[in-house]
Amino acid sequence: MYLIDNSRIPFQWNIYRRRPQLKYSLAGRIIWEVVKGAYPIGSYLPSLPQIAQRYDVSVATVRRTLMLLAQLGVTQSFHGKGTLVVMRTAKMNFRMPEILEGMSLYLESLQLLALTIRDITLYTIKSCIGEEQERLTEKFDLLRQENKVHLCFELYFKWIEHQCPMVMIRECYRKQYGLLTWGYPIMLYRIRNQKLQLRYMGFTEEIIKLLREKRWEDFSEAWKGLMEQEEREARKFMLDVNLRL
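Since the model is a prediction, treat every value here as computed from it, not as a measurement.

A. Examining the overall build of the protein chain more closely. For the protein chain, the helix and strand inventory stands at 10 helices and 2 strands. From first element to last, N terminus to C terminus, the protein chain shows the α and β order α-α-α-β-β-α-α-α-α-α-α-α. Per-residue burial for the protein chain yields a buried fraction of 49% across its 245 residues. Of the contacts made within the protein chain by residues no fewer than 6 positions apart, 72% connect residues no fewer than 24 positions apart. On the protein chain, roughly 13400 Å² of surface is accessible, and the fraction owed to carbon and sulfur atoms is 53%.

B. Representation of the pattern of salt bridges within the structure. Tallied over the entire structure, the rule returns 20 salt bridges. We note a salt bridge from Lys126 to Glu217, for which the minimum N-O separation is 3.5 Å. With Lys126 in helix 4 (residues 97-127) and Glu217 in helix 10 (residues 216-244), the pair connects residues that are 91 residues apart, well separated along the chain. Overall, Glu217 belongs to the partly exposed group, its relative accessible area being 37%. Here Glu230 and Arg199 are joined by a salt bridge, their closest N and O atoms 3.1 Å apart. Within this pair, whereas Glu230 is found in helix 10, its partner Arg199 is found in helix 9 (residues 196-212), the two being separated by 31 residues in sequence. Here Glu230 matches Arg199 in class, with each residue buried. Several salt bridges converge on common partners, so that one network encompasses Lys209, Glu213, Arg215 and Asp218.

C. Seen up close, the pairing of strand 1 (residues 75-78). Bridge count between strand 1 and strand 2 (residues 82-85): 4 bridges; the pairing is antiparallel. Across the sheet, the residue bridging to Thr75 is Val85, located in strand 2. Following strand 1, the chain reverses through 3 residues before pairing antiparallel with strand 2; Gly80 in that reversal takes a positive phi of roughly 85°.

D. Layout of the packing of aromatic side chains. Under the definition given, this model contains 11 aromatic pairs. Summarising the aromatic geometry, the rings of Tyr156 and Trp159 are spaced 5.8 Å apart at their centres and angled 55° between planes, so their arrangement reads as tilted. Of this pair, Tyr156 and Trp159 both sit in helix 6 (residues 152-163), 3 residues apart, which is roughly one turn of that helix. The buried category is assigned to Trp159, whose relative accessible area is 6%. Joined through ring pairs, the aromatic side chains of Trp32, Phe140, Phe153, Tyr156, Phe157, Trp159, Tyr173, Tyr177, Tyr200, Phe203, Phe219 and Trp223 make up one cluster. One Lys or Arg, Lys23, reaches over the ring of Tyr24 and ends 5.6 Å from the middle of that ring.

E. Molecular detail of the confidence of the model for the protein chain. In this model, the protein chain carries an average pLDDT of 85, and 88% of its residues clear a pLDDT of 70 or more. Counting contacts from residues 1-6, a segment whose pLDDT is below 50, to residues more than four positions away or on other chains yields 3 contacts.

F. Layout of helix 6. If you check helix 6, its first and last C-alpha atoms are 16 Å apart, about what 12 residues at 1.5 Å a residue would give, namely 16 Å. Inspection of helix 6 places Cys152, Phe153, Glu154, Leu155, Tyr156, Phe157, Trp159 and Ile160 among the buried residues, and these make up the whole buried set.

G. View of the nonpolar core. By size, the foremost hydrophobic cluster in this structure holds 77 residues, and its most contacted members are Phe140, Tyr173 and Trp223. The dominant element in this core, judged by the number of residues it contributes, is helix 4, at 11 residues. Those residues in contact with Trp223 that sit more than four places away from it in its chain are Ile117, Thr121, Phe140, Cys152, Phe153, Tyr156, Phe203 and Ile207.

Definitions and cut-offs
- Residues numbered from 1 in each chain as written.
- Predicted model: local features only at pLDDT ≥ 70, side-chain atom pairs only at ≥ 80, totals over all residues.
- Heavy atoms only, no water.
- Helix = DSSP H or I, 4+ residues; strand = E, 2+ residues; numbered from the N terminus.
- Buried < 20%, exposed > 50% of the residue type's maximum accessible area, 1.4 Å probe, protein only.
- Contact = heavy atoms within 4.5 Å.
- Areas by Shrake-Rupley, 256 points an atom, 1.4 Å probe, with all protein chains shown as cover.
- Salt bridge = Lys/Arg side-chain N within 4 Å of Asp/Glu carboxyl O.
- Pairing = 2+ DSSP bridges.
- Phe/Tyr/Trp six-rings, centres within 6.5 Å; stacked < 30°, edge-to-face > 60°.
- Lys NZ or Arg CZ within 6 Å of the ring centre and 35° of its normal.
- pLDDT = per-residue confidence, 0-100.
- Expected span 1.5 Å × (residues − 1).
- Core = buried A, V, L, I, M, F, W, Y, C linked by side-chain atoms within 4.5 Å.

Printed below as a string of structure tokens:
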């Protein structure tokens, strides 16, 4: 009898159309560090060698990454001072090929999630034991109490990565989270007249209620509804951008 080792990932998905670009992955990681407050707006990033050592990349890759972050309006470099975190999305240049590529990948990730997230969420939540379900509820409630509901996506994808029984889904959704992270400045630009906390507070309160009532199907439908909304808005935004170019 053959046994399947479900702890190992049988493949690694390259999410980029061309050859792998470390600068995209590193940009996504740094952006999320900014979102979580590790690199607050108004602070300076570590030096290039320090970033290279921390993320195990070359200094040349760090330079390319910082150029990309500057194009996204995330950072601004000053000679002799370093790289300042600014998150000035209003200056984003949508004619840049890197930004257009990122927008396309961001939309594709939303499309895939809108199509799959309901069934995968339902499958995963039903596979969890009671203690894990309660722990998930507590984590979402903590985000609500600390007014950090914009981190609900990170919490969700970490939950899938650790709790979904299917290893290939864990790998695919881990990469999907990376794409959503890279698209964060685009999302900020798209909804720049709204407050992120207000946008996701109602959703977080809803899923907490559904988890406490053990309404797994409705919990899964809520995630599907959110992703469908994000996809519609992102698609409309990209259409508007293309019409302006």
